[in-house]
Amino acid sequence: MESLKEIFKIGKGPSSSHTMGPQRAAIIFAERHPEAAKFEVTLYGSLAATGKGHMTDKAIIDVLKKVAPIEIRWEPEVFLPYHPNGMLFRAFNNNQDLLDEWIVYSVGGGALSEGKATNDYFHKESVYDMHTLKDIQIWCEHHGRGYWEYVKQCESDDFWDYLREVWKTMQAAVERGLDSEGSLPGPLNLARKAPNYYIKARGYKPSLQSRGMVYSYALAVSEENASGGKIVTAPTCGACGVVPAVLYHLQKGHEFSETKILHALATAGLFGNIVKYNASISGAEVGCQGEVGVACAMASAASCQLFGGSPSQIEYAAEMGLEHHLGMTCDPVCGLVQIPCIERNAFAACRALDAQLYASFSDGHHRVSFDRVVEVMKQTGHDIPSLYKETSAGGLAKQYPM
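Fair warning: this is a prediction, and the values are worked out from it, not measured in the lab.

Asks: Please explain the UniProt feature "domain: Serine dehydratase-like alpha subunit" (unreviewed entry) in the chain as it appears in this structure.
Replies: UniProt records the feature "domain: Serine dehydratase-like alpha subunit" (unreviewed entry) at residues 155-397, using the numbering of this structure. Within residues 155-397, the helical portion is 63% and the strand portion 1%, while the C-alpha atoms at the span's ends are 41 Å from each other.

Asks: Help me understand the UniProt feature "domain: Serine dehydratase beta chain" (unreviewed entry) in the chain, please; the structure alone is not making it clear to me.
Replies: The UniProt feature table records "domain: Serine dehydratase beta chain" (unreviewed entry) at residues 3-71 and 72-113. Secondary structure across residues 3-71 comprises 46% helix and 17% strand; the distance between its end C-alpha atoms is 35 Å. Secondary structure content for residues 72-113 is 0% helix and 60% strand, while the C-alpha to C-alpha distance between its ends is 20 Å.

Asks: Quick question: what am I supposed to make of helix α1 (residues 16-32) here?
Replies: Two residues of an α-helix separated by three or four positions point the same way, owing to the 3.6 residues in each turn. With 17 residues, α1 extends 23 Å from end C-alpha to end C-alpha; this agrees with the ideal 24 Å at 1.5 Å per step. With respect to burial, α1 is a largely interior element, 12 of its 17 residues being buried. Looking only at α1, the buried set comprises Ser16, Ser17, His18, Thr19, Met20, Gly21, Pro22, Ala25, Ala26, Ile28, Phe29 and Ala30. The N-terminus of α1 is capped by Ser15, whose side-chain oxygen sits 3.5 Å from the backbone nitrogen of Ser17.

Asks: Looking at this structure, I do not really get unusual backbone geometry. What am I missing?
Replies: Trans peptide bonds make up the majority, and among non-glycine residues the majority have a negative phi. A cis amide bond links Gly13 with the next residue in sequence, Pro14, at an omega value of 15°. Tracing the sequence through the fold places Pro14 in the loop between β1 (10-12) and α1. The peptide bond linking Ile339 to Pro340 adopts the cis configuration, its omega dihedral lying at 5°. Positionally, Pro340 belongs in the loop between α13 (311-323) and α14 (341-361). Positive phi is not limited to glycine here, since Gln96 has a value of about 65°. With phi around 55°, Ser392 is a residue other than glycine that occupies positive phi space. As for its placement among the helices and strands, Ser392 is situated in the segment after α15 (370-383).

Asks: Help me understand the sheet that holds strand β2 (residues 38-44), please; the structure alone is not making it clear to me.
Replies: The strands making up a sheet are joined through hydrogen bonds of the backbone, oriented either antiparallel or parallel. With mixed pairing, the 5 strands of this open sheet are ordered in space as β3-β2-β4-β5-β6. On the outer flanks of this sheet lie β3 (70-75) and β6 (111-113), each paired with one strand and no other. With direction set aside, neighbouring strand axes in the sheet form an average angle of 25°. Sheet analysis places strand β4 (residues 86-92) next to strand β5 (residues 98-108), joined by 7 bridges and oriented antiparallel. Bridge pairing in β5 places Met87 opposite Val104. Sheet contacts for helix α3 (residues 56-64): β2, β3 and β4; angle to β3, the most-contacted strand, approximately 155°.

Here is what the cut-offs are and how they apply
- Here the residue numbers are simple positions, counted from 1 along each chain's written sequence.
- Residue-level local features of this predicted model are given only where pLDDT is at least 70; pairs of side-chain atoms are given and counted only at 80 or more, and the full residue set underlies all totals for whole chains, interfaces and linings.
- Each side-chain value is worked out from all heavy atoms of the structure, with water and hydrogens disregarded.
- UniProt positions are given in the numbering used here, feature names are shortened, and annotations may be inferred rather than shown by experiment.
- Only DSSP runs of H or I reaching four residues or more are called helices, and only runs of E reaching two or more are called strands; each is numbered from the N terminus.
- Take the residue count of a helix, subtract one, and multiply by 1.5 Å to get its expected span.
- Buried residues are those whose accessible area, probed at 1.4 Å on protein chains only, stays under 20% of the maximum for their type, while exposed residues exceed 50% and partly exposed ones sit between those limits.
- Polar contact criterion, stated in full: a pair of N or O atoms within 3.5 Å, where within protein one must be able to donate a hydrogen and the other to accept it, and residues adjacent in sequence count only if both atoms are side-chain atoms.
- In this scheme, strands are said to pair when DSSP sees at least two bridges between them.
- Axis lines are fitted through C-alpha atoms, for helices just across the contact stretch, and the angle between N-to-C directions can take any value from 0 to 180 degrees.
- We call two residues in contact whenever any of their non-hydrogen atoms come within 4.5 Å of each other.

Below you can see the structure in the form of structure tokens.
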């Protein structure tokens with residue numbers, strides 16, 4: 001498994017797979033061919049189906065137009081073999097001769113792949129020597145340590161400085177979102193809700209105020225993402241509101257130190273990394289269960305650790321956070337990361353706190369393991385028809401054609 005820096009990426013929304021990934025690919029291709037007289041980029045499958053709503057074309061054009069004119073081609077019905085988010089970059093000289101062509105895939109969370117295993121340009125050496133939660137949990141229990149301590153053992157010395165920057169970016173996204181009003185970009189003219197939810201929540205008694213605050217924090221970050229603001233993938237842009245909402249709420253309400261929050265973030269990232277390695281965090285590949293479902297599992301684990309959960313209780317909380325999102329489709333209206341994505345972040349944040357509480361009441365023993373749910377999520381995702389996996393061809397999106 002790669003470093004948790006690949007789970008927590010700092011960047012601009014609205015989509016890690018449809019915006020951040022393609023933009024990064026365009027930067028690489030532009031650097032390879034500064035002599036090009038023309039570029040042609042073909043988007044396939046999910047990237048083509050919802051690329052306009054996710055601003056995929058804009059992300060690519062903004063990079064390549066600085067070098068040469070560019071043409072975008074759309075092939076929503078064509079799926080390349082390795083992943084639904086396929087791209088073909090082509091560079092031409094002044095005589096229209098082909099200089100180079102490059103097939104690359106945006107595989108979720110802003111990550112890229114050529115689909116070539118160890119010969120892949122984007123292949124990184126493994127940072128973690130264990131790849132299942134079962135093995136890591138056994139290590140923790142045998143050594144009397146927490147999940148974050150396993151992370152500390154595996155990551156580089158600068159990791160905690162990076163994680164501190166991640167946490168600052170998350171907090172800033174919450175606070176900007178709470179202070180921003182107006183409508184979000186796109187044809188839906190969807191009004192921001194976070195500021196109103198925050199104000200209304202403050203007027204309720206503590207028992208209801210707490211839940212309303214969590215809603216407002218998750219909405220704030222998700223709305224910042226939808227407007228192209230600076231956020232952190234956790235594990236993706238589309239699910240970026242869940243983990244910050246839970247941790248921001250707990251720090252405000254329980255005055256947890258920054259150190260404890262960073263340890264919780266490390267644990268959250270570890271659980272997300274396990275899913276990324278053994279299954280997928282790409283909505284185009286496995287549906288929203290791989291995005292919001294995984295984010296819920298990450299937040300569940302982080303919050304359970306903050307409240308003193310044992311390794312088995314933390315594993316149980318994360319298992320419930322993911323299990324109860326199994327089968328969730330990715331059907332964004334108009335191809336925008338707005339409906340139902342933003343509300344899903346708010347509900348998943350609260351579900352994470354419920355999973356934490358439920359697990360804390362238990363002794364941590366249960367029948368279905370986190371690893372087993374990850375396996376099931378992967379199979380379920382492959383069984384879901386493509387029209388429910390970030391193509392806006394079915395479900396809620398069918399009511400609002402692009």
